[in-house]
Amino acid sequence: MSEEREHATVDRTYSIAEVDGAYLVARQSGLYRLASSNGAARSLYQGWQPEGAIATLDIAMSPSFSRDGLILTGINGGVARSEDGGATWAALAMRVPAPLVTCLALSPGFANDRRVLAGSYEDGIFLSDDGGQSWAAFNFGLFDHKIFCLALSPEYSVDGAVMAGTSSGVYRSVNGGRLWEDLTMPAGDEAVLSLAFSPEYADDRTILAGTESHGLLRSDDDGLTWESFYRCQGAVNAIVCLPTLAGLAIQVDDSALAYETGDSSWRQLAAADVHVAAKSEDGSALLLGMADGSVQRVAV
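Residues numbered from 1 in each chain as written. Predicted model: local features only at pLDDT ≥ 70, side-chain atom pairs only at ≥ 80, totals over all residues. Heavy atoms only, no water.

A. Geometry of the pattern of salt bridges. Under the counting rule described, the total for this entry stands at nine salt bridges. The shortest N-O distance in the salt bridge between Glu-83 and Arg-81 comes to 2.9 Å. According to the relative accessible area criterion, Glu-83 is exposed, its value standing at 54%. We note a salt bridge from Glu-260 to Arg-267, for which the minimum N-O separation is 2.4 Å. What makes Glu-260 partly exposed here is its relative accessible area of 27%. (Salt bridge = Lys/Arg side-chain N within 4 Å of Asp/Glu carboxyl O. Buried < 20%, exposed > 50% of the residue type's maximum accessible area, 1.4 Å probe, protein only.)

Following this line, the structure appears as structure tokens:
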């Protein structure tokens, strides 16, 4: 079998989430549950769409998942929603033609405001104020509708700050995602694949942006100006901030690195085969979705 054919058969992982010691894994072929990091994958779509693969690009779970069982997934066609931990699903209409939803973000105050934002590949950004049951497009000021990532301020319920990474840079909203402004980036019209607010954003006003080919950028003034934080030629596909920026990790192409604050350097966590990086359920560790389908839990 050729190297090209072997690569083509990989069931790529796009997103992972930890819940009650198990892992939800969004893949090209659907959504799966792993009881352990190397456990067998059980399809959560089997009873809903047993005949075909459903590419799933992101996962969002209610903060009170143990009580309400709410899971949202970004799929080709919109958003899939389950209220029973993935036992049954409903596909939610967003618009015609149906969008490919690439990313989801829940409000930090979701328990009260029920706000969810969804980014799509060609149709911009959608908002829901009822936990993902109904959606409306909000693209005012958003001139690039190809959305790769979304990040909400830790104080979103107060400041309404949202960042969106697109194929041509970064957009910012300060009213919850209803109106957008284009921010100037040092690399010009550079695709931004990942974004993160500092956990201490209310005090340090720091935002991080991972680009396609100009490394990791940092802004300490709400995105008005940017400087290089980590130079590399690869794509920065994920940024994970644990409780403070001292627990910062990034995914560059298929490797993972952690920032060493003591000497302002980067330490390699995994040299290859990383498909995606995310935060653990308790926020204390990094989760790495590997090419073989397993999940590695790494202290940062």
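So much for the structure itself; the text now carries on.
B. Summary view of the sheet that holds strand β3 (residues 30–34). Pairing in this open sheet of four strands is antiparallel, and the strands run β1-β2-β3-β4 from one edge to the other. Looking at strand neighbours, the two that pair on one side only are β1 (13–19) and β4 (41–43), the edges of this open sheet. Averaged over all neighbouring strand pairs, the angle between strand axes comes to 30°, with direction disregarded. The pairing of β3 with β4 spans three bridges and is classified as antiparallel. Looking at the pairing, Leu-34 lines up with Ala-41 of β4. (Pairing = 2+ DSSP bridges. Helix = DSSP H or I, 4+ residues; strand = E, 2+ residues; numbered from the N terminus. Axes fitted to C-alpha atoms, helices over the stretch in contact; angles between N-to-C directions.)

C. Structural view of the sheet that holds strand β22 (residues 248–252). As summarised here, the arrangement of the four strands in space is β21-β22-β23-β24, forming an open sheet in which the pairing is antiparallel. The strands lining the two open edges of the sheet, one partner per strand, are β21 (236–241) and β24 (265–270). Within this sheet the neighbouring strands show an average axis-to-axis angle of 25°, counted without direction. In this sheet, β22 lies alongside β21 in antiparallel orientation, the contact comprising five bridges. Paired with Val-240 across the strands is Ala-249, a residue of β22.

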